[in-house]
Amino acid sequence: MSNTFTLDGKEIPFQDGQTVIQAALDAGVYIPHLCHHPDFPPHGSCKLCTVKINGRQTASCTMKAQAGMVVESNIDELNDERRALTQMLFVEGNHFCPSCEKSGNCQLQATAYQLHMLTPHFDHFYPNRPVDASHPDYLLDTNRCILCSLCVRASRDVDGKNVFALGGRGIKTHLLVNAKSHRLGDTDFSGEDKAANVCPVGVILKKRQGFAVPIGQRTFDIKPASEYVDSRMPTKEV
Amino acid sequence: MSASTKPKLKVATTSLAGCFGCHMSFLDIDERLFELVEHIEFDRSPLTDIKHVGPCDIGLIEGGLCNAENVHVLREFRRQCKVLIAVGACAINGGLPAQRNPIPLPMILEEVYHTSPGLHNGLIPNDPELPLPLNQVHPIHEVVKVDYFMPGCPPSGDTIWKVLTDLLAGKEPVLPHELLHYD
Amino acid sequence: MHSAYIDPILERYGHNPTKLMQILREMQEHFGYIHSDAIDHLVARLGILRTQVESVAGFYEFFYLHPPGRYRILFSDNITDRMLGNMDLLEQMCRQLWIEHGKVSEDGLVSVDTTSCTGMCDQGPALLVNGRTVTRLTMDRVEVICELVRNEIPLEQWPAEFFQVEENIRRKDVLLGSEFQPGAALRAAFALGPQALIDEVKTANLRGRGGAGFTTGLKWEGCRNAPGQAHYVVCNADEGEPGTFKDRVLLASYADRVFEGMTLCGYAIGAQLGMLYLRGEYRYLLEPLQAVLENRRRANLLGGNILGQAGFDFDIEIHLGAGAYICGEESALIESLEGKRGTPRNRPPFPVTHGYLNQPTVVNNVETFAAGTLIAERGGAWYAGLGTGKSAGTKLLSVSGDCTQPGIYEYPFGVTVAQVLEDCGAVNSQAVQVSGPSGVCVSAAEFERRIAFEDIPTAGAFMVFDHSRDMFEVARNFVQFFAHESCGFCTPCRVGTSLLRNLMDKLHNGHGSPYDFEEIKRLNVLLQSMSHCGLGHSACNPVLDTIAKFGPAYEKRLQHRDFTPAFDLDWALAPARRSTGRDDSAAHLHDEAIGEQP
């Protein structure tokens, strides 16, 4: 049997050890995702990439591809649930797109467009979360954090710095900065870090660069998330 | 749209805790406004200056709920309108005014009327004519049932046109991907 | 100043970062909380990151990064505690101590708050003071405690009966009723050899007593056959399911059986180390259990060449949890054992091949290990003859709630709910919550159903509710529990359990409408299909069960026909009224809601 499975009826080849989402993205097929990033081991927390495999729902980022699998992804039932998860992320934090520097380049926003989210639907939590401007070049606005842990993984696995971690529990889970003061300015974080360029939302932001690209020319103004296929969006050179 | 003999739909609009930007965007449907008024007539709206809304087919709400008056107006709209539409970011998630939400209201009033320069030793206004602020700003779906949502800050004239013309045609409004944005 | 108490602790744990939880616990027992400077010291001495310490400490309920008061009082808040009036007692205590629920007193003396079920449902209401269990609370007892706190009397000088935990064993069968000579099961096992021992356990058809019911023999065999540098035995004594307390009794009175069962498993799978993961709420059992281990070492039932069995070296460590229900999930428990946040792992791989330190690991329930000793002694065929076809042996039930004889009942599998109710002196029963909030709510019409994997599987909780109880409030308490205990890893459970809690509060506060019912049903589908682990999957169970079986309890909450806000609008104006001093009619919003029924 050849190494292929079907995804919404389309034959997808895969290499041994690849996960379902890796194989799908390599084949140019989009599955909505936020915590998955092709450069990092799977995390499996956002659950946006959940698909139906042989009728059973599972996260496609942690499920290894197997020959002959029948995978459903772009179906109303799943997209409705993905939209609800996205709505949960929107009400959990403070996501005010019009005043966010990341708007237009934000994967959460683009995914919400992709899922045709018109309203956050649920009642908002309006949490009280800190903004940290202590670093000379970078801003940390945790109001927008979706706890995908990409910065944690990037700083640990690529930068070797371990600047970030997740702390707390349950609905109080939050981003931790590795300094006694808990301030980014008191760490060795720098703009060269992978962690500085991996945040899918507007938490880790370069200072003095907000709104540099006009509306109409930003990443997801040009084409929707599904056409970028994976998270390796063009680095925004300004 | 072809001219019809059907009775005109009554439409009401209002801005609660909003900046009237969504209303400005409404005007951005430009010359199509003439076509629109063939099919609709305005009840309460900044365009008519009617103070209270009567029975309507469609209510367009800009802005979230910041104070008691906003609540009265929204409830009146919900009572009178068959279809209620949240227009713009503030009506949908509170928007800019809701960014005060993590701060306790008494602290905000203290800061604005007692601490900030310019209003030093001022008093917190207590005239019964003034609507009292709510402890937090809420999007309108948290207080009344909302039928449709038009995101955007503001939603473009095209978006507003699309939703209204779909409704006039008796269809569920559908926004194509290019008209869907939150900013 | 912190090195003085930290260094000896680090020494004792061999400067091993995987022991972080035990190190933090001992540091805190010494200093009262985990001081920021103490973290500096840990970071330097263990070569770990500050964030590692803070993220672990921040995950567990019983670790404090800020001073929690010299007396930290946590009232157990299971539904059975509520039924016994714990909230009145808590308020009384707050009043007497002049403090606000959940806040530390200004002089830093005391804080009073709630915590999830502490496993004392048969002798509640209960509380923990500085980690020690106080049972059978009354207004009088609360008054004395306030006095002791105000006078800063050390816990050692508090009346001993406050800390007394009763066994309340009401019915014994083969496990609780048989004499046990420590070493007897091991001798029998050595006569068989490891593979034959596993075969006996398979023949016995022993299934996991934590509720899921996986076949124990297969687990042991799978682990034995899994390649690895070392194999491990883990005993899951993180008995966090509200309403369950049978492991507490097994560990208090049958510890030798439990440890011997672990040792049997070690022999079967070729392990040298076993770990007992003891829930933090059972801190008071630590020293007695260590004494049992010490006795077993002296008797060569642990250690090198056990009972002369050449090459069989095995010892047992105790790992104390720190207040996190999720650590009852086996992969979260293993993370916790490794000194990390208790977040369930992505599975597969399963612990049986990739468990503790990524090595093959058997994780079994306390009761499963204890039952293993019976099988070694008397044989698998004998054991398989007990109980029912698919559920061999006996089951311990932790019975609490509306009955005259709460406590531990051991029955052969297959006993009916009605039989248990009769035996425990329950009358006028409306419902039984079997296996805790994540289990099933059984209504009176179903009391002939049986406790068995074929019908109602259970980890052991059996909470009885008579007709005076409001089943909506029961479900609301369980939903609060899940929201509190969600680990926060995956979106659906982290946010969904809080949304569900808010919806139940909305109904409780009289703002409910059919809209909210639909929302609850929708959340249920989402949590079931999207959550990372069983906590999220089962978080909606109590609500759906009680909606289906106790509809009227919900209908009376449906005070509105149309959508109603979750909060009271007039209440939302109160801060502005206070700031402005206004109270005129325009300063109020009345509940004139649209379409409301009179």
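Residues numbered from 1 in each chain as written. Chains lettered and ligands numbered in written order. Predicted model: local features only at pLDDT ≥ 70, side-chain atom pairs only at ≥ 80, totals over all residues.

**Brief notes about the overall build of chain C**
The test is simple: Secondary structure elements are defined from DSSP: runs of H or I of at least 4 residues count as helices, runs of E of at least 2 residues count as strands, and each element is numbered from the N terminus. As a reference, a globule follows 2.2 Å times the number of residues to the power 0.38, and the radius of gyration itself is taken over C-alpha atoms. Working definition of a contact: two residues with C-beta atoms, positioned from the backbone, lying within 7 Å.
Looking only at helices and strands, one finds 26 helices and 14 strands in chain C. Relative to the compact-globule value of 25 Å for 598 residues, chain C shows a C-alpha radius of gyration of 25 Å, a close match. Projected onto its principal axes, the C-alpha coordinates of chain C cover approximately 90 × 65 × 45 Å. The contacts of chain C with a sequence gap of at least 6 include a subset with a gap of at least 24, amounting to 72%.

**Observations regarding the sheet that holds strand S6 (residues 131–132) of chain A**
Residue and element names in this part refer to chain A. Rule in force here: We treat two strands as partners when DSSP finds at least two bridges between them.
Taken in spatial order, the three strands of this open sheet run S6-S7-S10, and their pairing is antiparallel. Lying at the two open borders of the sheet, with one neighbouring strand each, are S6 and strand S10 (204–206). Summarising the sheet, strand S7 (residues 138–141) and S10 pair through three bridges and their orientation is antiparallel. Each residue of the ladder has a partner; that of Leu140, found in S10, is Ile204.

**Let's talk about the interface of chain A and chain C**
Our working definition: Throughout, the ten residues Ala, Val, Leu, Ile, Met, Phe, Trp, Tyr, Cys and Pro are labelled nonpolar, Asp, Glu, Lys and Arg are labelled charged, and all others, Gly among them, are labelled polar.
Listed as interface residues are 28 residues of chain A and, on the opposing side, 30 residues of chain C. For the side of chain A that touches chain C, the elements supplying multiple residues, two or more each, are helix H2 (76–92) and strand S8 (164–167) of chain A. Ranked by the residues each element gives to the side of chain A that touches chain C, the list is headed by H2 of chain A, at six residues. Partitioning the side of chain A that touches chain C into residue classes produces 11 nonpolar, 11 polar and six charged.

**Some details on the domain arrangement of chain C**
Heads up, the rule is: Residue ranges assigned to each domain were obtained from an automatic or database domain assignment.
The domains assigned to chain C are domain 1 (3–59), domain 2 (71–163), domain 3 (170–384), domain 4 (472–555) and domain 5 (572–598). For domain 4 of chain C and domain 5 of chain C, the distance between their C-alpha centres works out to 30 Å.

**A closer look at helix H4 (residues 150–158) of chain A**
All names here are of chain A. To be explicit about the condition: Counting other C-beta atoms within 10 Å of a residue's own tells you its class, since 20 or more makes it buried, 12 or fewer makes it exposed, and anything in between is partly exposed; those C-beta atoms are placed from the backbone.
For H4, the full list of buried residues reads Leu150, Cys151, Val152, Arg153, Ala154 and Ser155. Buried-residue contacts for H4 involve S8 and S10. Positive phi appears at Gly160, one or two residues downstream of H4, with a value of about 65°.

**Notes on the interface of chain B and chain C**
By a widely used convention, the size of an interface equals the accessible area lost when the partners come together. Opposite the 20 residues of chain B that make contact, chain C presents 20 residues. Of all the elements in the fold, those that place two or more residues in the side of chain B that touches chain C are helix H3 (68–80), helix H5 (105–115) and strand S6 (133–138) of chain B. Ranked by residue count, the leading element in the side of chain B that touches chain C is H3 of chain B, at five residues.

**Looking at the pairing of strand S11 (residues 407–412) of chain C**
All names here are of chain C. In the sheet, strand S5 (residues 169–171) pairs with S11 via two bridges, with the strands oriented parallel. For Arg171, the partnering residue across the bridge sits in S11 and is Tyr409. Taken together, the six bridges between strand S10 (residues 394–401) and S11 define a ladder with antiparallel strand orientation. Bridge pairing in S11 links Val399 to Gly407. The hairpin formed by S10 and S11 contains five residues between the paired strands.

**As for the confidence of the model for chain C**
A low pLDDT score tells you not to read the predicted coordinates there in detail. In plain terms, the rule: You can read pLDDT as the predictor saying how much it trusts each residue, on a scale of 0 to 100.
The pLDDT averaged across chain C works out to 96; a share of 99% of its residues lies at or above 70. This prediction of the complex comes with two scores: 0.96 for pTM and 0.96 for ipTM.

**Topic: the nonpolar core**
The test is simple: Put simply, a nonpolar core is a cluster of buried Ala, Val, Leu, Ile, Met, Phe, Trp, Tyr and Cys residues tied together by C-beta atoms within 7 Å.
Grouped together as the largest cluster of nonpolar side chains are 246 residues, with contacts concentrated most on Val234, Val258 and Leu500 of chain C. In this view, Val234 of chain C contacts Met275, Tyr277, Leu333, Ile334, Leu337, Tyr356, Thr361, Val362 and Val363 of chain C; residues no more than four positions away in its chain are not counted. Listed in part, the 59 residues of the second largest apolar core include Ile29, Ala89, Ala98 and Ile140 of chain B.

**Remarks on the sheet that holds strand S4 (residues 132–134) of chain C**
Residues and elements named next belong to chain C. Counted only if it meets this: As a rule, the C-alpha atoms of each element are fitted with a line to give its axis, helices using only the stretch in contact, and angles between N-to-C directions run from 0 to 180 degrees.
Pairing is mixed across the open sheet formed by four strands, whose spatial order is S2-S1-S3-S4. Each edge of the open sheet is held by one strand with a lone partner, namely strand S2 (110–115) and S4. Ignoring strand direction, the axes of neighbouring strands in this sheet form an average angle of 25°. For strand S1 (residues 71–76) and strand S3 (residues 127–129), the ladder comprises three bridges, and the chain directions are antiparallel. Bridged to Ile73 within S3 is Val129. Contacting S1 and S2, helix H6 (residues 86–97) runs over the sheet at an angle of about 170° to S2.

**Remarks on the packing of helix H9 (residues 184–192) of chain C against helix H16 (residues 366–378) of chain C**
All names here are of chain C. For clarity, the cut-off: In these notes the angle categories are as follows: under 35 degrees is roughly parallel, over 145 is roughly antiparallel, 65 to 115 is roughly perpendicular, and the rest is oblique. Throughout, a crossing is termed right-handed when the near helix is turned clockwise from the far one, and left-handed when it is turned anticlockwise from it by less than a right angle.
With their axes 8 Å apart at the nearest point, H9 and H16 run at an angle of 55° to one another. By the criterion of interaxial angle, the relationship of H9 to H16 is oblique. As for the relative orientation of H9 and H16, their crossing is left-handed in sense. Residues Ala184, Ala185, Ala188 and Ala189 of H9 lie in contact with H16, whose contacting residues are Thr373, Ala376 and Glu377. Here the contact of H9 with H16 is built from residues that sort into five nonpolar, one polar and one charged.

**Some remarks on the environment of Cys235 of chain C**
By the secondary structure assignment, Cys235 of chain C is in strand S6 (residues 232–237). Setting aside residues up to four positions removed in sequence, Cys235 of chain C forms contacts with Val258, Met262, Gly274, Leu276, Tyr277, Asn364, Val366 and Phe369 of chain C.

**Some thoughts on the environment of Leu16 of chain B**
Residues and elements named next belong to chain B. You can see Leu16 is positioned in the loop between strand S1 (9–15) and helix H1 (21–27). A residue is classified by how many C-beta atoms lie within 10 Å of it, and Leu16, with 22 of them, is buried. The sequence separation of Leu16 and Cys66 amounts to 50 residues, and the corresponding C-alpha distance is 7.6 Å. Not counting residues up to four positions away in its chain, the partners in contact with Leu16 are Ile61, Glu62, Gly63, Gly64, Leu65, Cys66, Asn70, Val73 and Leu74.

**A look at the packing of H2 of chain A against helix H21 (residues 514–530) of chain C**
Two elements in contact, H2 of chain A and H21 of chain C, have axes whose closest approach is 11 Å; the angle formed by their N-to-C orientations is 100°. Judged on the interaxial angle alone, H21 of chain C and H2 of chain A are roughly perpendicular. Listed contacts from H21 of chain C to Glu81, Ala84 and Leu85 of chain A of H2 of chain A are Leu526, Ser529 and Met530 of chain C. Within the contact of H2 of chain A with H21 of chain C, the residues separate by chemical class into four nonpolar, one polar and one charged.

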